[in-house]
Amino acid sequence: MADSVSSTSSYSYLQTANKRLSGLSSGMDIDSIVEKLMKAESAKMEKLQQQKQKYEWQRDAYREIDLKLETFSKNLFDQFGLQKSLLVRKTSVSDESKVSVTADNTAVGTLNLSSVSQLATSASKLGSQLMTSAINGQHKLSDFGINGSSEGTGSFTIKLNGEDEGKTITYTKDDTIDTLLSKLKDAGLTNAKITNGKLYLGSDSVIVENNPNFFMKLGFSVDGNTLSESNEEATINIKANSATLLKDIKNFGNTNGSFTLSVIQSDGSMKDTKINYSSSDTIEDLVKSINTSGAGVTVVFGNGQMSITANATGSVAGGAIQIKEDNENLFNVLGFTSGSSKFVANGTNAIYTINGIQKESTSNSIKESGYSITLKQTFNQANDPNYNGTVTISSSIDTDGMVEKIKSFVNMYNEIIESINTPLKEKKNLNYPPLTDAQKAEMTEEQIKKWEEKAKQGLLRNDTILSTALSGMRNAIYTVSENNPFKGLFNIGVTTTATYTDGGKLQLDEDKLKEAIAKDPEAVVKLFTDSENGVVAKLRTAVDTASKQIDDKAGKTSFADNTYSLGRTISSLDDQIEAWKDRLKAIEERYYNQFTRMEEAINKANMQSSLFMPSY
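Predicted model, so just to flag it, every value in this text is computed and none were measured.

Visitor: Tell me about the overall build of the chain, and please be specific about residues and values.
Guide: Of the regular secondary structure elements, the chain holds 15 helices and 27 strands. The globule rule puts the C-alpha radius of gyration for 616 residues at 25 Å, and the 43 Å found for the chain is more than 25% above it. If one aligns the C-alpha atoms of the chain with their principal axes, the spans along those axes are about 125 × 105 × 45 Å. Counting across all 616 residues of the chain, residues that qualify as buried make up 42%. On the chain, roughly 32,100 Å² of surface is accessible, and the fraction owed to carbon and sulfur atoms is 46%.

Laid out in structure tokens, this is it:
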């Protein structure tokens, strides 16, 4: 069976591992004898196990085809079941620098875009400068007006507690307070820290050898070159940053609150979104809450200011961004509204003239007569010295595009035909039955894999369900539509191949198809999409029928075994196998009991014969 036995696994037919006889009285290897007896007794059970394995393989083979059929049916409708999927149109635009255009299958006629006097823009506003007296580790030295030399660097020297030699500290304007505190600690100011939003240097006496202005800008008092009381906390008013707490923003109270944003959406409607916040939230927390709320705005914070921009373009009465509720006047503090005003900002609408009619849109993407038009720039004969005339938009049938679509249909059909024909024609290999557990124990994993590949061949050979599915699909392809001028696919260049072994695959005559499209493109499309006699509807019916039959035979992975025929067969075999296991245990028990009695008899005989043995 195998070229070589490289597995160290062993298999035993014995069922009752704890009942073993040594054979001391008889001198026989009883386990080996019982093993051989049980191997013979197990033959019928192994046949049942092999049958079960074959049915499981067959079930899985059915399910694999069923999945392909379901995918084919879905893709068939999505890609070829609707007129808009097959009737491909191409557009012509006289000036693509001004507009971009696509056309659906309903696009007809010509559009003349004579002017775009205004593009749609998004509502946007920049808030006021936010100040705070609470310092945090992310503040940069430049926030305090400390910019160093022209290269942005500087230094100062400090002496602690009357030291003779000072320690020089260098810095850059982009150093943060956290970076500065680390440097001060390395220089001996081990208690330097931020406490209650203020800088604290500790209890040491600090003399600044040079650059005392450095500490003055940080908010400390300097007497000559000596910092006054070394435990002094610095107090200063600087720009807020993303780590600033809301309660520390100047003019904001230490309270929690909420606000409701009303924002324009992509369809021009307004949407209300309520957002809660805590006074202990940072500005970064607030920005994240708004941006992830789904309100339809993008908030950015930097350099002490916050900006808010609507994601959609357009202008509406009352503003494209409005504040409907703000119980703690947060947006007043942030500089977006004034007093009781609910207005934040408004965008602009696109204004354009098409076929002599002036129109307005909240978006630069507009739809007219089946065309989707994106306005790129303004142009107007009255005030544009570079105006070069009206932009003309038209469409026509994309013959090459339709040919490619139908070619993809042919390829997809041929793939599913191949998927069904392959198992139908595959010959069985009777020399490779399913392996028993004992046989697997003597083989390597690779040997088992190769053996089972051959054992699985021909499981669905000449299967009735698959044969019926193929017949139904072929009939769908040969569908005749009496009300269609082309009658069927065969008159537009889609026919079956002349090669019998192809099993009904399709071939395409592109020239004949192009002639048909040029003659009547809508009739070509209806051969596929007609809800009653269209090829897609007929094919899906045939495929769905086959899929239902497979489900009845092999089920799906989610089905209970008793709901499909192969599952019931497998369950019955399971019951028979379990019954055989119980029977084998009883048989093995009987064999061991027989050998036990034999050993006892031999042992008794040996004891009796020893009585007659002479003693010396």
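There is more to say after this.
Visitor: So what about the nonpolar core? Which residues, and what values?
Guide: In this structure, F409, M473, I492 and L539 are the most contacted members of the largest nonpolar core, which totals 51 residues. At the level of secondary structure, the elements contributing two or more residues to this core comprise helix 2 (43-80), helix 8 (399-425), helix 11 (464-477), helix 12 (510-519), helix 13 (521-529) and helix 14 (535-554). With eleven residues, helix 8 is the single largest residue contributor to this core. Judged by nonpolar contacts, the second largest core, of 35 residues, contains I275, L286, A310 and I321.

Visitor: Can you break down helix 12 residue by residue, with the values?
Guide: Helical periodicity: at 3.6 residues per turn, an α-helix aligns residues three or four positions apart in one direction. Within helix 12, the full set of buried residues consists of L513, A516 and I517. Projected down its long axis, helix 12 carries its buried residues within an arc of 100 degrees, all on one side. For helix 12, the exposed residues set more than 90 degrees away from the buried face come down to D511, E515, A518 and K519. Between a side-chain oxygen at the N-terminus of helix 12 and the backbone nitrogen of D511 the separation is 3.3 Å; the capping residue is D509.

Visitor: Pulling in residues and values, what's your account of the sheet that holds strand 17 (residues 297-302)?
Guide: As a general point, the strands of a sheet are linked pairwise by backbone hydrogen bonds and lie either parallel or antiparallel. The three strands are arranged 4-18-17 in an open sheet whose pairing can be described as antiparallel. A strand with exactly one partner marks an edge of an open sheet, and here the two such strands are strand 4 (122-126) and strand 17. Neighbour-to-neighbour, the strand axes of this sheet turn through a mean angle of 10 degrees, independent of strand direction. In this sheet, strand 18 (residues 305-313) lies alongside strand 17 in antiparallel orientation, the contact comprising six bridges. Residue V297 lies in a different strand from strand 18, and its bridge partner there is A310.

Visitor: Which residues make up the sheet that holds strand 23 (residues 365-368), and what values do they have?
Guide: In space, the three strands of this open sheet follow the order 2-24-23, with antiparallel pairing throughout. Of all strands in the sheet, those bounded by a partner on one side alone are strand 2 (99-103) and strand 23. Each strand of the sheet is rotated relative to its neighbour by a mean of 25 degrees, with strand direction disregarded.

Visitor: Any chance you could break down the packing of helix 2 against helix 8 for me, citing the residues and the numbers?
Guide: Helix 8 packs onto helix 2 with a crossing angle of 170 degrees between their chain directions and a minimal axis gap of 11 Å. With respect to each other, helix 2 and helix 8 are oriented roughly antiparallel. Like other packed secondary-structure pairs, helix 2 and helix 8 cross with a definite hand, here left-handed. Where helix 2 approaches helix 8, its residues I65, K68, L69, F72, N75, L76, Q79 and F80 are matched on the opposing element by K405, S408, F409, M412, Y413, I416, S419, I420 and P423.

Visitor: Got a sec to walk through the pattern of salt bridges? Specific residues and values, please.
Guide: For the structure shown, the criterion picks out 21 salt bridges. In this structure, the salt-bridge partner of K548 is D552, at a minimum N-O distance of 3.1 Å. Here K548 and its partner D552 are both found in helix 14, four residues apart, which amounts to about one turn of the helix. D552 sits in the partly exposed class, given a relative accessible area of 40%.

Visitor: Let's hear about the packing of aromatic side chains: which residues, and what values?
Guide: The final tally for this structure, using the stated rule, is 14 aromatic pairs. Pairing F215 with F220 gives two aromatic rings, centres 6.1 Å apart and planes at 70 degrees, and the pair type is edge-to-face. Classification of F215 as buried rests on a relative accessible area of 1%. Given the relative accessible area of 5%, F220 is considered buried. Centre to centre, the rings of F409 and F528 are 5.1 Å apart; their planes meet at 85 degrees, and the pair counts as edge-to-face. Taken together, the residues F409 in helix 8 and F528 in helix 13 connect sequence positions 119 residues apart. For the pair F409 and F528, one class covers both residues: buried.

Visitor: Quick one: what's the story with unusual backbone geometry, residue by residue and with numbers?
Guide: Here the phi dihedral of N211 falls at roughly 60 degrees; this positive angle occurs in a residue that is not glycine. Considering the arrangement of structural elements, one finds N211 in the loop between strand 10 (206-210) and helix 5 (213-217). Since its relative accessible area comes to 26%, N211 is described here as partly exposed. In this model, S369 sits at a positive phi of 50 degrees, which is unusual for a non-glycine residue. Counting through the fold element by element, S369 comes out in the loop between strand 23 and strand 24 (371-375).

What counts and how
- Residues numbered from 1 in each chain as written.
- Predicted model: local features only at pLDDT ≥ 70, side-chain atom pairs only at ≥ 80, totals over all residues.
- Heavy atoms only, no water.
- Helix = DSSP H or I, 4+ residues; strand = E, 2+ residues; numbered from the N terminus.
- Rg over C-alpha atoms; globule rule 2.2 N^0.38 Å.
- Buried < 20%, exposed > 50% of the residue type's maximum accessible area, 1.4 Å probe, protein only.
- Areas by Shrake-Rupley, 256 points an atom, 1.4 Å probe, with all protein chains shown as cover.
- Core = buried A, V, L, I, M, F, W, Y, C linked by side-chain atoms within 4.5 Å.
- Arc of directions from axis to C-beta.
- Polar contact = N/O pair within 3.5 Å; in protein donor to acceptor, adjacent residues only side chain to side chain.
- Pairing = 2+ DSSP bridges.
- Axes fitted to C-alpha atoms, helices over the stretch in contact; angles between N-to-C directions.
- Parallel < 35°, antiparallel > 145°, perpendicular 65-115°, else oblique.
- Left-handed = near helix turned anticlockwise from the far one by under 90°.
- Contact = heavy atoms within 4.5 Å.
- Salt bridge = Lys/Arg side-chain N within 4 Å of Asp/Glu carboxyl O.
- Phe/Tyr/Trp six-rings, centres within 6.5 Å; stacked < 30°, edge-to-face > 60°.

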